[in-house]
Amino acid sequence: MFTLAEVASLNDIQPTYRILKPWWDVFMDYLAVVMLMVAIFAGTMQLTKDQVVCLPVLPPPINSKAHTPPGNIDITTDIPKLEAATDSDQAGRMTNDISFSTSAVTPDIPLRATYPHTDSTVPSQETKKEKKDPTGRKTNLDFQQYVFINQMCYHLALPWYSKYFPYLALIHTIILMVSSNFWFKYPKTCSKVEHFVSILGKCFESPWTTKALSETACEDSEENKQRITGAQTLPKHVSTSSDEGSPSASTPMINKTGFKFSAEKPVIEVPSMTILDKKDGEQAKALFEKVRKFRAHVEDSDLIYKLYVVQTVVKTAKFIFILCYTANFVNAISFEHVCKPKVEHLTGYEEFECTHNMAYMLKKLLISYISIICVYGFICLYTLFWLFRIPLKEYSFEKVREESSFSDIPDVKNDFAFLLHMVDQYDQLYSKRFGVFLSEVSENKLREISLNHEWTFEKLRQHVSRNAQDKQELHLFMLSGVPDAVFDLTDLDVLKLELIPEAKIPAKISQMTNLQELHLCHCPAKVEQTAFSFLRDHLRCLHVKFTDVAEIPAWVYLLKNLRELYLIGNLNSENNKMIGLESLRELRHLKILHVKSNLTKVPSNITDVAPHLTKLVIHNDGTKLLVLNSLKKMMNVAELELQNCELERIPHAIFSLSNLQELDLKSNNIRTIEEIISFQHLKRLTCLKLWHNKIVTIPPTITHVKNLESLYFSNNKLESLPVAVFSLQKLRCLDVSYNNISMIPIEIGLLQNLQHLHITGNKVDILPKQLFKCVKLRTLNLGQNCITSLPDKIGQLSQLTQLELKGNCLDRLPAQLGQCRLLKKSGLVVEDHLFDTLPLEVKEALNQDINVPFANGI
């Protein structure tokens, strides 16, 4: 047999699951234990004490003389009295104590067995005395026959319920126990419940929960106090609160929906209720992530809710079933029973009168069991009423939102909502503390505290560096926010924020009086009103890198003193036909606009800054720029770059830019430049860059663009240089690198102002002597050609500071290189074995380090 503890273990659950057990489940568990005890007690009593005692029903008495043969005298023996035997005694052993009592027979009558006699020798006095004092009726049954009859009648005469009630009660109780806790055992729900209870316990005990709710309570009490004492008269301050989603948040952020700034609430100094160390902060951040993933996983289904409803319905149906059939058998249990086994041939009797010694006890236990079942059933009915009275697949944190500053706590649904409803039946404080980890505002506060704890002023100071412009620069990458200590670096010139999605710029930025350049790389920063006022008046250069145009902060378009704006990202809307860039009309002092995107047309919004824009740069990602009509309105543009725009010809809109000084059409598909003659109308054009295209020839009409000073045709398909190029007397820089040019015309000597000549990567084999008449040359790049010798006249280039000869067919270098007083070894690009051919004094002169100003035209 099994013990009570073993059966009760079916009703046992993990202690941590008790928070999911409402009062009715706990009450039903106790009732189930009581029913279990009743069933086991009844079964124990039945196994040890249950028995039936039967006596035969004798026929009516008949005159003994009429039946007694003459000469035969019956001597009455006393009926053996059997001791009560249990069922176990009947199965295992037989009682051997058979006592014969003489109390039923007169003392003077001797006991003798009954057997027939041929001669009647009994005195008549004995016969008279026996008939005069009868004490019982003869049955003529021996002990074995009584045992046999008792067993037969136990199975035939007793109702089946009297025999099997304890076992049925035990089975029903076990089923009810299993039904009550099945949702804790079923694999598909057990894992979710276990995960939920684990997270809930950690959230309840987390120091961050205590800190967040304590600060909320302090804020509420302080606000009430301020309201009573007339806090509305206090001046406005700027709060660094990160309660982004709360209507009561004190941080008015500029968003895409409008440019209005709301009045700010007074700053309330809230004392820190607890100190959140780094370990607690990391654990809290991990909890936020776990809650987010658990919510996404559990809200998708309602299996736990359905299973709980099903098990409650099963228990209710079980209660009705037990009550219906058990009530009919209460009256069937009685003490006396009539038994008519068909064993007359074995005993001589047809009918027996039997008594059941456990009848009264079983009846009382059955009534108790029915009473408990009724209570259990009414609780099941109440559970069903609770399940369907309110929508348990929806849970609202409305009360928590009203009592705390976390007004962005979302409502939940399905199994997540049902679990929270169950927890509320245990203690509503669990749900309130759990809601803290559903709030983005709470998570942002935690990130802010952890961030400021990690990034101190000293650590930030170590990350400050000097950039190429010799400015102090700080680059922050992939942080959860902007540390407060950043705004204490008052001497910072450049601030770069990259991949910081929750960046917020507080009013403290007004301390950074040297800040003039700001980089926002995938960082849609939000600013407070005071911070915006400072940026609007002081910021000069802004770089914004984004994935979608909607990520550009709205306040960017309001920086009226901005001088340079760099936009890098997708400016096209979803249908790829319309540019989502907002109006630039407020950027009244913008001088430089740099756009790197995938434009199909020049944004019409650019015309808003046309009166004062001096430089426009458009770098496409290979998307063909089709519409350039807006360029005609950029009358004051001095520098124009259209790179990687898949242009096939020089756009005609450019010829209207009368103030244009530099044009860069790099990395397009331009094949012919016959339109170059139109540049003669652009009197101020001094630099023309047509590099990285597919130009085959330079038209002679280029001679009409007389003011050109720099001409770049590198990485094209030129095979020769027209004489017209050398008529540009103002030309100072000529770059024809990486083409197919095989000869340098002798007319190159006409370029007396030429300072930089680049012919690297061509097929030139001979250098004309006229080249060395360009005595102002400072840079001469002749690498990767077929040059076999370097003329001695190289010494005439006294201002030469850079000479590239590597990749040619030279076998020696002329000693006249020593006459180039400004040329040093660092500026001489040549193979080592050629350098060794120079005389020793020349090599020593080249090895001398003299700081000479050097200007590279590229």
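Predicted, not measured: the structure shown is a model, and the values here were computed from it.

Here we take up the overall build of the protein. Within the protein, the secondary structure is distributed over 22 helices and 24 strands. The buried share of the protein, taken over its 858 residues, is 47%. In the protein, once contacts between residues fewer than 6 apart in sequence are set aside, the share between residues at least 24 apart is 59%. Per element, the accessible surface of the protein, about 42,600 Å² overall, is 54% carbon and sulfur.

Now for the nonpolar core. If you look at soluble globular proteins, the nonpolar side chains tend to sit buried side by side. The biggest cluster of nonpolar side chains holds 133 residues, and the ones touching the most others in it are Leu642 and Phe679. The element best represented in this core is helix α20 (residues 529-538), accounting for four residues. Aside from chain neighbours lying at most four places away, what touches Phe679 is Ile650, Ile654, Phe655, Leu663, Leu685, Leu688 and Val705. Grouped together as the second largest cluster of nonpolar side chains are 82 residues, Met177, Val309, Ile370 and Leu446 included.

The tally for this structure, following the rule as stated, stands at two disulfides. Each sulfur of the disulfide joining Cys54 and Cys354 lies 2.0 Å from the other. The sign of the 110° torsion about the S-S bond sets the Cys54-Cys354 disulfide as right-handed. Of this pair, Cys54 sits in strand β1 (residues 52-56) while Cys354 is found in strand β3 (residues 352-356), placing the two residues 300 residues apart along the sequence. Taken as a pair, Cys54 and Cys354 share a single burial class, namely buried. Bridging Cys153 to Cys339, the disulfide has an S-S length of 2.2 Å. Torsion about the S-S bond of the Cys153 and Cys339 cystine: about -90°, corresponding to left-handed handedness. Residue Cys153 is found in helix α6 (residues 143-156), and its partner Cys339 is found in strand β2 (residues 336-339); the two are separated by 186 residues along the sequence. If the cysteines joined by disulfides in the protein are listed in sequence order, their pairing comes out as 1-4, 2-3. Summary of cysteine pairing: Cys786 is not part of a disulfide, and the nearest cysteine sulfur, belonging to Cys809, is at 5.7 Å. In this structure Cys786 comes out as partly exposed when scored by relative accessible area, which is 36%.

A few words on the confidence of the model for the protein. Scored by pLDDT, the protein has a mean of 79; 79% of the residues are at 70 or more. Scored below 50 in pLDDT, residues 64-132 shows 71 contacts in the model against residues more than four places distant or in partner chains. Here residues 850-858 is modelled with pLDDT under 50, and outside its nearest four sequence neighbours on either side it reaches 19 contacts, counting other chains as well.

Time to look at the packing of aromatic side chains. Counted according to the given criterion, the structure contains 32 aromatic pairs. Here the aromatic rings of Tyr161 and Phe165 are separated by 5.7 Å at their centres, their planes lie at 45°, and the arrangement is tilted. With Tyr161 and Phe165 both in helix α7 (residues 160-180) and four residues apart, this pair spans about one turn of that helix. The class of Tyr161 is buried, set by a relative accessible area of 2%. You can call Phe165 buried: its relative accessible area is 1%. Plain terms: the ring middles of Phe416 and Phe434 are 5.6 Å apart, the flat faces sit at 90° to each other, and that makes the pair edge-to-face. Of this pair, Phe416 sits in helix α16 (residues 414-426) while Phe434 sits in helix α17 (residues 428-435); the two residues are 18 residues apart in sequence, bridging distant segments of the chain. Put simply, the rings of Trp160, Tyr161, Phe165, Phe321, Tyr325, Phe329 and Tyr369 touch in pairs and so form one group of aromatic residues.

A packed helix pair is summarised by two numbers, namely the angle formed by the two axes and the spacing between the axes. Interaxial distance between helix α2 (residues 23-49) and α7 falls to 8 Å at its minimum, and their mutual angle equals 155°. Of the possible angle classes, the one that applies to α2 and α7 is roughly antiparallel. Crossing of α2 over α7 shows left-handed handedness. Mapping the contact onto sequence places Asp29, Ala32, Val33, Met35, Leu36, Ala39, Ile40, Ala42, Gly43, Gln46 and Leu47 in α2 and Ser162, Lys163, Tyr164, Phe165, Pro166, Tyr167, Ala169, Leu170, Thr173, Leu176, Met177 and Ser180 in α7.

Next up on the list: a nonpolar patch on the surface. Residues Trp23, Val26, Phe27, Tyr30, Val375, Tyr382 and Phe385 make up a contiguous nonpolar surface patch of about 690 Å² in total accessible area. Here the element with the most residues in the nonpolar patch is α2; it accounts for four residues. Residue position: Tyr382 is located in helix α14 (residues 359-389). For Tyr382, a relative accessible area of 34% puts it in the partly exposed group.

The next point concerns the sheet that holds β3. In spatial order, the strands read β1-β3-β2; together these three strands make up an open sheet with antiparallel pairing. Of all strands in the sheet, those with a lone pairing partner are β1 and β2, marking the two edges. The average angle at which neighbouring strand axes cross in this sheet is 25°, direction not considered.

What follows is about the pairing of β1. Remark: a regular strand shows side chains that alternate across the two faces of the sheet. Only one face of β1 is buried, namely the one carrying Val52, Cys54 and Pro56, since none of Val53 and Leu55 on the opposite face is buried. With five bridges joining them, β1 and β3 adopt antiparallel strand pairing. Note on β3: the bridge partner recorded for Pro56 is Phe352.

Here the structure, examined in full by the defined rule, presents two cavities of 30 Å³ or more. Roughly 40 Å³ of internal volume is contained in the second largest cavity. Counting residues per element, the lining of the second largest cavity draws most heavily on strand β12 (residues 541-548), which supplies three residues. Per-class residue counts for the lining of the second largest cavity are six nonpolar, one polar and two charged.

Between side chains of opposite charge, pairing is possible as soon as their charged atoms come close. Counting across every chain of the model gives 21 salt bridges. Between Asp29 and Lys21 there is a salt bridge; the shortest N-O distance is 2.9 Å. Residue classification places Asp29 among the buried residues on the basis of a relative accessible area of 13%. For the salt bridge of Arg461 with Asp491, the shortest nitrogen-to-oxygen distance reads 3.3 Å. Of the two residues, Arg461 is situated in helix α19 (residues 457-462) and Asp491 in the loop between β7 (472-477) and β8 (494-498); the sequence distance between them amounts to 30 residues. The class of Arg461 is partly exposed, set by a relative accessible area of 31%. A single salt-bridge network, built from bridges that share partners, covers Asp302, Lys306 and Lys393.

Our next topic: the packing of helix α11 (residues 278-298) against helix α18 (residues 440-454). Viewed as axis vectors pointing N to C, α11 and α18 meet at an angle of 150°, and their least axial separation amounts to 10 Å. Classified by the angle between their axes, α11 and α18 sit roughly antiparallel to one another. By crossing handedness, the relation of α11 to α18 is classed as left-handed. Here Lys278, Gly281, Ala284, Lys285, Phe288 and Arg292 of α11 come into contact with α18, specifically with Ser442, Glu443, Leu446, Arg447, Ser450 and His453. Its residues assigned to classes, the contact of α11 with α18 shows three nonpolar, four polar and five charged.

Let's shift gears to the UniProt feature "transmembrane region" (unreviewed entry) in the protein. Mapped onto the present numbering, the UniProt feature "transmembrane region" (unreviewed entry) falls on residues 27-47, 164-184 and 366-388. End C-alpha atoms of residues 164-184 are separated by 31 Å, and the span's content is 95% helix alongside 0% strand.

Criteria and cut-off values
- Residues numbered from 1 in each chain as written.
- Predicted model: local features only at pLDDT ≥ 70, side-chain atom pairs only at ≥ 80, totals over all residues.
- Heavy atoms only, no water.
- Helix = DSSP H or I, 4+ residues; strand = E, 2+ residues; numbered from the N terminus.
- Buried < 20%, exposed > 50% of the residue type's maximum accessible area, 1.4 Å probe, protein only.
- Contact = heavy atoms within 4.5 Å.
- Areas by Shrake-Rupley, 256 points an atom, 1.4 Å probe, with all protein chains shown as cover.
- Core = buried A, V, L, I, M, F, W, Y, C linked by side-chain atoms within 4.5 Å.
- Disulfide = S-S within 2.5 Å.
- pLDDT = per-residue confidence, 0-100.
- Phe/Tyr/Trp six-rings, centres within 6.5 Å; stacked < 30°, edge-to-face > 60°.
- Axes fitted to C-alpha atoms, helices over the stretch in contact; angles between N-to-C directions.
- Parallel < 35°, antiparallel > 145°, perpendicular 65-115°, else oblique.
- Left-handed = near helix turned anticlockwise from the far one by under 90°.
- Patch = residues over 30% accessible without salt bridge, like charges linked within 9 Å, V, L, I, M, F, W, Y side chains within 5 Å.
- Salt bridge = Lys/Arg side-chain N within 4 Å of Asp/Glu carboxyl O.
- Pairing = 2+ DSSP bridges.
- 1 Å grid on protein atoms, 1.4 Å probe; cavity = no way out; pocket = protein on both sides within 12 Å on 5 of 7 lines; lining within 4 Å.
- Points joined across faces, edges and corners; volume = space filled by probe spheres on them.
- Nonpolar A, V, L, I, M, F, W, Y, C, P; charged D, E, K, R; others polar.
- UniProt positions renumbered as here; feature names shortened; annotations may be inferred.

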